[in-house]
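Descriptive analysis of the structure
The chain contents come next:
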Amino acid sequence: MDIKTLVFPVIATIGALLVYFGLGAKLMEHYPADTTVAICYRLGWEDEKIFTVPLSETASVTQQENLPRTTLFVISPALNKVKKV
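So, here is what we can say about the structure in this document.

Reading the values: the criteria
Residues numbered from 1 in each chain as written. Predicted model: local features only at pLDDT ≥ 70, side-chain atom pairs only at ≥ 80, totals over all residues. Heavy atoms only, no water. Helix = DSSP H or I, 4+ residues; strand = E, 2+ residues; numbered from the N terminus. Polar contact = N/O pair within 3.5 Å; in protein donor to acceptor, adjacent residues only side chain to side chain. Contact = heavy atoms within 4.5 Å.

What to know about the side chain of Thr35
As for its position among the elements, Thr35 is in the loop between β1 (18–21) and β2 (36–41). Within the structure, Thr35 has its side chain in polar contact with the backbone oxygen of Pro32 (distance 2.9 Å). Setting aside chain neighbours within four positions, we find Thr35 in contact with Val53, Pro54, Leu55, Ile75, Ser76, Pro77 and Asn80.

Considerations on unusual backbone geometry
Here Arg42, not a glycine, exhibits a phi torsion of approximately 50°, which is positive. Within the element layout of this structure, Arg42 appears in the loop between β2 and β3 (49–54). In this model, Asn66 sits at a positive phi of 55°, which is unusual for a non-glycine residue. The topology assignment puts Asn66 in the loop between α2 (58–64) and β4 (72–75).

Structure, rendered in structure tokens:
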């Protein structure tokens, strides 16, 4: 059994913060489509980019911005409280 199959349901059920490299379709099985995701590219560098989008838009934003697989994804219902800029 895959670790994602075991861990994602538990994390999603308790609403815990999940930090993940290589966002996969498995997340959509466990989190509501409107869960906010912070897409973080090159944190701390001059060309840093941070996008906060609903989970349902994560793949399209990642592709549109041409972000590599090493981008960090932070998934948490708590991000729904973050003021969008």
